[in-house]
Amino acid sequence: MWSSLLTLSSTIFRLNCLQRPPTLPFYLTSFKTLKFHGQDVRPLLAPLGSRAISSFPAFSTLKSYSSLNSHVETVKDDLVVLGIETSCDDTAAAVVRGSGEILSQVVASQADLLAKYGGVAPKMAEEAHLQVIDQVVQEALDKANLIASDLTAVAVTIGPGLSLCLRVGVRKARKLAGSFSLPIIGVHHMEAHALVARLTERKLQFPFMAMLISGGHNLLILARELGQYVQLGTTIDDAIGEAYDKTAKWLGLDMRRGGGPAIEELAREGDAESVKFSTPMKQHKDCNFSYAGLKTQVRLAIESRNINAEIPISSATNHDRSSRADIAASFQRVAVLHLEERCERAIEWARKIEPSIKCLLVSGGVASNQYVRAQLDKVVKKNNLQLICPPPSLCTDNGVMVAWTGIEHFSVGRFDPPPPPDEPEDLMYDIRPRWPLGEEYAEGRSEARSLRTARIHPSLTSLIQASINQ
């Protein structure tokens, strides 16, 4: 039965070998009984009639069924979801309750590989994920004092990210879900970074603004509702985290903790005004980001001072260390100034759409940087908003954010039925390395590059909106 259902499964996990996207909905009557903590899920979804879960992008949303909302909220606390994250260079898993209680959190870092290659090497990262994924997931279950059959569902990042790495997590999630007949929830990596703040700040309500900054992404969004996002600005080339990593590598810093922490620490010793780097994209009056040019400026400054990256910072002379510190501080000042300027304009745009916004959320790996937080806090206070940042352990890639995002969507009926328990190991899964979160704000379209032509998958927002309309 499940093999026939798979043919109709959502495009979140649709196999690439399918000839065309599924169009028929799932029907609750054809499911096995789906239970969590002994409770049958089907009565929970009964107010929808026969159509409980439909094929993505036309999967159902329970949000429009007001009579069901209170029922969903009363059982949400009983949900127990495993989240799996392998989109880049960390293998992470966590178990989270619908109440927000984090039962376990496990992260296997690839810091040694990062230091060796000066950045993420996709094939090496994939192999590292493969080596530890089973152990990480099992440890997450053990620390939660649970077995897989105790779970309500499994959530897993399906994009954006590195395709080789995403596949490892998706394969593991589907295997586990299939073995124990668990529903499965495909998660957007950047949405997870945004929504994890709703776990730590339970009063955070829609609408709110979010700046998501990491090694691979710079994103300014207006979050209007769950699954409904307006993209105000994005990266047109390199993200800020990439710029931090490259600068750290060129300065000969210890990369084992990541380029961001290394630059932040060294910058405290330097003069941030000593090197006159130009702020990126001053001529573009939008909210998009570019760090490629700043990287070039940094590289040329390093070369002009004859800094040898082969000599680690720990072995540098006092003069050499001082010179490196000045470059680190000057780079960080301009890199973050670029964030500040874009954020200012994005607040103005967001208020045109949703005048009631009260909060700016800053999340993603770079949001752990205290200098970044301090500077953005000034922008937020100037605009009479509140700055919200998750704890540093939840800013970097983690399983908690994936599990919590899974809980948010499961609570409104967005999930897929258990996959077949006997899927072949070499199956090609529908993963989304380049997957926009929201629809572009009209004024935010970049003149430097057509962002729309760079899309491979329709945005999460457009797919959910299509399902609601249907």
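Residues numbered from 1 in each chain as written. Predicted model: local features only at pLDDT ≥ 70, side-chain atom pairs only at ≥ 80, totals over all residues. Heavy atoms only, no water.

- In the nomenclature of an unreviewed UniProt entry, the chain corresponds to Glycoprotease 1 from the organism Erythroxylum novogranatense.
- In its Subunit (unreviewed entry) section, the UniProt entry covering the chain states "Homodimer."
- The record held by UniProt for the chain lists under Sequence similarities (unreviewed entry) the comment "Belongs to the KAE1 / TsaD family." (UniProt positions renumbered as here; feature names shortened; annotations may be inferred.)

1. A word on the overall build of the chain
Link 1 in the chain: Per the secondary structure count, the chain includes 16 helices and 13 strands.
Link 2 in the chain: Out of the 470 residues belonging to the chain, those deemed buried represent 60%.
Link 3 in the chain: Summed over its atoms, the accessible surface of the chain is roughly 18600 Å², and 50% of this surface lies on carbon and sulfur atoms. (Helix = DSSP H or I, 4+ residues; strand = E, 2+ residues; numbered from the N terminus. Buried < 20%, exposed > 50% of the residue type's maximum accessible area, 1.4 Å probe, protein only. Areas by Shrake-Rupley, 256 points an atom, 1.4 Å probe, with all protein chains shown as cover.)

2. Here's the deal with the pairing of strand E5 (residues 102-108)
Link 1 in the chain: The sheet contact formed by strand E4 (residues 91-97) and E5 spans six bridges and is antiparallel. Within the sheet, the bridge partner assigned to Val95 lies in E5 and is Ser104.
Link 2 in the chain: Two successive antiparallel strands, E4 and E5, enclose a turn made up of four residues, where Gly100 displays a positive phi of approximately 100°. (Pairing = 2+ DSSP bridges.)

3. Notes on helix H15 (residues 399-410)
Link 1 in the chain: The terminal C-alpha atoms of H15, which comprises twelve residues, lie 16 Å apart, in line with the 16 Å expected from a rise of 1.5 Å per residue.
Link 2 in the chain: Turning to H15, its buried residues number three or more, namely Gly399, Val400, Met401, Val402, Ala403, Trp404, Thr405, Gly406, Ile407, Glu408, His409 and Phe410.
Link 3 in the chain: Backbone nitrogen of Val400 and a side-chain oxygen of the N-cap are separated by 3.1 Å at the start of H15; the cap is Asn398. (Expected span 1.5 Å × (residues − 1). Polar contact = N/O pair within 3.5 Å; in protein donor to acceptor, adjacent residues only side chain to side chain.)

4. Description of the sheet that holds strand E9 (residues 218-225)
Link 1 in the chain: Strand order in the open sheet formed by six strands is E12-E11-E8-E9-E10-E13, with mixed pairing between adjacent strands. Each end of this open sheet is capped by a strand with a single partner; those strands are strand E12 (386-388) and strand E13 (439-440).
Link 2 in the chain: Pairing of strand E8 (residues 208-213) with strand E11 (residues 359-363) involves four bridges; the strand directions are parallel. Across the sheet, residue Ala210 finds its bridge partner in E11, namely Leu361.
Link 3 in the chain: Relative to the sheet, helix H12 (residues 318-353) contacts E8, E9, strand E10 (228-234) and E11, its axis offset from that of E9 by approximately 20°.
Link 4 in the chain: The strands touched by helix H13 (residues 370-382) within the sheet are E8, E11 and E12, with E12 carrying the most contacts at an inclination of about 155°. (Contact = heavy atoms within 4.5 Å. Axes fitted to C-alpha atoms, helices over the stretch in contact; angles between N-to-C directions.)

5. A closer look at unusual backbone geometry
Link 1 in the chain: Between Gly159 and Pro160 the backbone carries a cis peptide bond, its omega angle lying at -10°.
Link 2 in the chain: Within the secondary structure, Pro160 is located in the loop between strand E6 (153-159) and helix H6 (163-179).
Link 3 in the chain: For Asn145, which is not glycine, the phi torsion reads 60° and is therefore positive.
Link 4 in the chain: Position of Asn145 relative to the elements: it lies in the loop between helix H5 (122-143) and E6.
Link 5 in the chain: Even without being glycine, Asn384 reaches a positive phi, approximately 60°.
Link 6 in the chain: By secondary structure assignment, the location of Asn384 is in the loop between H13 and E12.
Link 7 in the chain: Take Asn384: its relative accessible area is 68%, and that puts it in the exposed class.

6. Here we look at the pattern of salt bridges
Link 1 in the chain: The tally for this structure, following the rule as stated, stands at 23 salt bridges.
Link 2 in the chain: In this structure, Asp134 engages Lys172 in a salt bridge whose closest nitrogen and oxygen atoms are separated by 3.0 Å. Here Asp134 is found in helix H5, whereas its partner Lys172 is found in helix H6, with 38 residues between them in sequence.
Link 3 in the chain: Residue Asp134 is classed as partly exposed on the basis of its relative accessible area of 47%.
Link 4 in the chain: On the accessibility criterion, Lys172 (17% relative accessible area) is buried.
Link 5 in the chain: One salt bridge in this structure joins Arg432 and Asp430, with 3.5 Å as the shortest N-O distance.
Link 6 in the chain: The class of Asp430 is buried, set by a relative accessible area of 3%. (Salt bridge = Lys/Arg side-chain N within 4 Å of Asp/Glu carboxyl O.)

7. Quick notes on the packing of aromatic side chains
Link 1 in the chain: Scanning the entire structure with this criterion turns up four aromatic pairs.
Link 2 in the chain: Note on Tyr244 and Phe331: the rings are 5.1 Å apart at their centroids and 80° apart in plane angle, and the pair reads as edge-to-face. You can see Tyr244 sitting in helix H9 (residues 240-250) and its partner Phe331 sitting in helix H12, a full 87 residues away along the chain.
Link 3 in the chain: The class of Tyr244 is buried, set by a relative accessible area of 2%.
Link 4 in the chain: Considering the side-chain rings of Trp349 and Tyr441, the 5.2 Å spacing of their centres and the 55° angle between planes classify their relative orientation as tilted. Residue Trp349 is found in helix H12, and its partner Tyr441 is found in the loop between E13 and helix H16 (460-469); the two are separated by 92 residues along the sequence. Across this residue pair, the class does not change: Trp349 and Tyr441 are buried. (Phe/Tyr/Trp six-rings, centres within 6.5 Å; stacked < 30°, edge-to-face > 60°.)

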